[in-house]
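Coordinate analysis (summary)
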Amino acid sequence: MNGIENATPAAALRGRVALVTGAASGIGAACALRLAAAGAQVRALDRDAAGLAALHDRARGLPGSVEAVVLDLTDLDAAERTAAGTDILVNNAGMQLVRPIEDFPPDAFRTVLTVMLEAPFRLLRGALPHMYAQGWGRVVNISSVHGLRASAYKSAYVTAKHGLEGLSKVAALEGAPHGVTSNCVSPGYVRTPLVERQLADQAAAHGVPEERVLSEILLADSALKRLIEPDEVAEAVAYLCGPYTSSVTGTTLTMDGGWTAH
């Protein structure tokens, strides 16, 4: 059990329905547990049924609840329908492929943009009518330092995250008259399965041993030479969904260990 499951925060989100995508592991799982700890009824969406089942077990005893929703976000119509009736939307699902542009498969590029940019747009379409009708809503988009800075060999991921930052700002401008906020949380490298899978890809792309990838490539521009923990990101998400952030909208909470400070 980690700090999230053991935490007993005030149930600030009791009665709120939250949808978290990519919730079977990593940042998404941490966000689902943290919002449930605050009393939310969380719809945890992922295509990994086994991972969602494990998450459901971890959420037992929390003030809120976690409901597993098995769905592949490339089914855009289903994604939009699933978002109906949610008070909080956390767009987290992501994927990564590390290749030079000239070797990047066009189908993979299209899939990354579908999951990481078009699906958030469709989820917003599904969620906003309910949020607008009740005069309250929270949208948190898990972006990345790569939504603010580029890295070589990540054309699809960087493109998607830059687009997500823009989509989030548009949602903030349109949602403000309706009591709906929209923000990004943009971390550096987080200890997740996605990052762990990158180590081998980056080692091959840069021609260095895997053990040097973390310190010399992934964290080369970070003042803080460690991976960010998923719980840290989840705490930022909970803050943006809480009662004291109604004026925080259209912005990015950057958690990059000092990467963008230079």
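On a predicted model such as this, the values are computed, not experimentally measured, just so you know. (Residues numbered from 1 in each chain as written. Predicted model: local features only at pLDDT ≥ 70, side-chain atom pairs only at ≥ 80, totals over all residues. Heavy atoms only, no water.)

1. A look at the overall build of the protein
To keep things clear, this is the line we draw: Runs of H or I in DSSP of at least four residues are treated as helices and runs of E of at least two as strands, each being numbered from the N terminus. Radius of gyration: over C-alpha atoms. The globule rule applied is 2.2 Å multiplied by the number of residues raised to the 0.38 power. Using a 1.4 Å probe, accessible areas were evaluated by the Shrake-Rupley method; residue-level cover was limited to the displayed protein chains.
Assigned secondary structure in the protein consists of nine helices and seven strands. Against the 2.2 N^0.38 benchmark of 18 Å for 262 residues, the protein shows a C-alpha radius of gyration of 18 Å, consistent with a compact globule. Dimensions of the protein, computed from C-alpha atoms along their principal axes, come out at roughly 55 × 35 × 35 Å. Total accessible area computed for the protein in this model is approximately 11300 Å², and 54% of it derives from carbon and sulfur atoms.

2. Examining the sheet that holds strand β7 (residues 252–255)
Defined as follows: By definition, two strands form a pair when at least two bridges between them are found by DSSP. Working convention: axes come from line fits to C-alpha atoms, limited for helices to the stretch in contact. Angles between N-to-C directions cover 0 to 180 degrees. Two residues form a contact once any of their heavy atoms are found within 4.5 Å.
With parallel pairing, seven strands are arranged side by side in an open sheet as β3-β2-β1-β4-β5-β6-β7. Unpaired on one side and paired on the other, β3 (65–70) and β7 mark the two borders of the sheet. The sheet shows a mean angle of 15° between the axes of neighbouring strands, direction not considered. By the bridge criterion, six bridges tie strand β2 (residues 41–46) to β3 in an arrangement that is parallel. Paired with V42 across the strands is V66, a residue of β3. Contacting β1 (17–21), β4 (88–91), β5 (137–142) and β6 (180–187), helix α5 (residues 106–134) runs over the sheet at an angle of about 170° to β4. Along the sheet, helix α6 (residues 155–175) makes contact with β5, β6 and β7, crossing β6 at roughly 160°.

3. Focus: the side chain of N92
Within the secondary structure, N92 sits in the loop between β4 and α5. Dropping the residues within four chain positions of it, N92 is found in contact with T21, G22, I27, G28 and I142.

4. A closer look at the pattern of salt bridges
Condition: What counts as a salt bridge is simple: a side-chain nitrogen of Lys or Arg found within 4 Å of a carboxyl oxygen of Asp or Glu.
Under the definition given, this model contains 10 salt bridges. Residues R125 and E80 are paired through a salt bridge, measuring 3.2 Å at the closest nitrogen-oxygen approach. Of this pair, R125 sits in helix α5 while E80 sits in helix α4 (residues 76–82), placing them 45 residues apart in sequence.

5. Regarding the packing of aromatic side chains
Filter applied, for reference: The pairing test for Phe, Tyr and Trp rings, Trp by its six-membered ring, is centres within 6.5 Å, and the orientation test on the planes gives stacked under 30 degrees, edge-to-face over 60, and tilted for anything in between. Throughout, exposure labels follow a simple rule: accessible area from a 1.4 Å probe, protein chains only, divided by the maximum for the residue type, with under 20% read as buried, over 50% as exposed, and the rest as partly exposed. As a reminder, the over-ring test applies to NZ of lysine and CZ of arginine, requiring each to be within 6 Å of the ring centre and within 35 degrees of the ring normal.
In total, this model carries two aromatic pairs according to the counting rule given. A centroid spacing of 6.1 Å and a plane angle of 85° characterise the contact between F104 and F109, whose relative ring orientation is edge-to-face. By relative accessible area, which is 8% here, F104 ends up buried. What makes F109 partly exposed here is its relative accessible area of 27%. Their ring planes at 20° and their centres at 5.8 Å tell us that Y189 and W259 sit as a pair that is stacked. Taken together, the residues Y189 in the loop between β6 and α7 (193–206) and W259 in the segment after β7 connect sequence positions 70 residues apart. In this pair, the class of Y189 matches that of W259, namely buried. For the cation-ring pair, R16 lies above W136, with the distance from its terminal atom to the ring centre recorded as 3.7 Å.

6. Some remarks on unusual backbone geometry
A positive phi angle is found at Y153, which is not glycine, with a value near 75°. Relative to the elements of secondary structure, Y153 occurs in the loop between β5 and α6. On the basis of relative accessible area, Y153 is assigned to the partly exposed category, the value being 29%.

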